[in-house]
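Structural characterization, general
One-letter residues, chain by chain:
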Amino acid sequence: MIRKNPSGDLPQIAESAFVDPTAILCGKVIVHDNVFIGPYAVIRADEVDEAGGMQPITIGAHSNIQDGVVIHSKSGAAVNVGEHTSIAHRSIVHGPCEIGPRVFIGFNSVVFNCKVGEGCVVRHNSVVDGCDLPAGFYVPSTTYINAHTDLATIPKVTASAAEFSEDVVRTNNELVAGYKKLQNEF
């Protein structure tokens, strides 16, 4: 469902993107080319700052927002998801937040008030809260990272983890093409 927010903003969705009919996109959301947004995802840009303004939630080209993902933002802050990025099933991205290009956020993970650098992998059931991750970091499953975390204890992304992330993006890009062909059959 595509709908306006109370400020009257309507999502802007590239013609080449696929948004599942069960997903909800509300307000100042910008979806770039060849993006896949899966079933029951919710991307909601509707809160305003003290001055009544709002930054967009932007999904970069060739990215995928999988089933049940929630993307929202506090007080009109921006959320940017970079190109070729995967946000896996039931994850929460809550702004202010910046997710770099070629990032993988694993199942049920939560990222809030942070920047996740290019090529990072945040595995399943992890939390990144108020801590910026430089490019190329690997967050193991069930890890909690906050402003007090010593980033020297966080490993770098391995070749196999990067390959897995790239494969997920490729698979979802193929799904965009397949679902776009079927779109008029729904």
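Located above this text is the structure these notes cover.
Residues numbered from 1 in each chain as written. Predicted model: local features only at pLDDT ≥ 70, side-chain atom pairs only at ≥ 80, totals over all residues. Heavy atoms only, no water.

**Points about the overall build of the protein**
Looking only at helices and strands, one finds 1 helix and 19 strands in the protein. The C-alpha atoms of the protein give 16 Å as radius of gyration, which agrees with the globular expectation for 186 residues (16 Å, within 12%). Referenced to the eigenvectors of the C-alpha coordinate spread, the extents of the protein come out at roughly 50 × 40 × 20 Å. Split into buried and exposed, the 186 residues of the protein put 45% on the buried side. Carbon and sulfur atoms make up 53% of the accessible area of the protein, which amounts to about 8,800 Å² in all. Separation between the mean location of the 13 positive side-chain charges and that of the 20 negative ones in the protein comes to 2 Å. (Helix = DSSP H or I, 4+ residues; strand = E, 2+ residues; numbered from the N terminus. Rg over C-alpha atoms; globule rule 2.2 N^0.38 Å. Buried < 20%, exposed > 50% of the residue type's maximum accessible area, 1.4 Å probe, protein only. Areas by Shrake-Rupley, 256 points an atom, 1.4 Å probe, with all protein chains shown as cover. Lys, Arg positive; Asp, Glu negative; His and termini not counted. Charge placed at Lys NZ, Arg CZ, Asp CG, Glu CD.)

**So, the environment of Ala 159**
When you line up the elements, Ala 159 lands in helix H1 (residues 159-182). On the basis of relative accessible area, Ala 159 is assigned to the exposed category, the value being 66%. In the structure, Ala 159 is positioned 13 residues away from Asn 172 in sequence and 20 Å away in space, judged by C-alpha atoms.

**Re the sheet that holds strand E14 (residues 104-105)**
Spatially, E3-E6-E9-E12-E14-E16-E18 is the arrangement adopted by the 7 strands of the open sheet, whose pairing is parallel. The two strands at the open ends of the sheet, each matched to only one other strand, are strand E3 (18-19) and strand E18 (138-139). (Pairing = 2+ DSSP bridges.)

**Brief notes about a nonpolar patch on the surface**
On the surface, a cluster of nonpolar side chains totalling about 230 Å² of accessible area is made up of Ile 2, Leu 10 and Ile 13. When its relative accessible area of 45% is taken as the criterion, Leu 10 is described as partly exposed. (Patch = residues over 30% accessible without salt bridge, like charges linked within 9 Å, V, L, I, M, F, W, Y side chains within 5 Å. Salt bridge = Lys/Arg side-chain N within 4 Å of Asp/Glu carboxyl O.)

**Here's the deal with the pattern of salt bridges**
In total, this model carries 2 salt bridges according to the counting rule given. Asp 46 is the partner of Arg 44 in a salt bridge, and the nearest nitrogen-oxygen pair spans 2.6 Å. Residue class for Arg 44 comes out partly exposed when judged on its relative accessible area of 30%. Of the charged contacts in the structure, one is a salt bridge between Asp 167 and Arg 170, with a shortest N-O distance of 3.7 Å. Linking Asp 167 with Arg 170, this pair stays in helix H1, spanning 3 residues, or about one helical turn. The exposure class of Asp 167 is partly exposed, given its relative accessible area of 38%. Of the residues examined, Arg 170 reaches a relative accessible area of 43% and is grouped as partly exposed.

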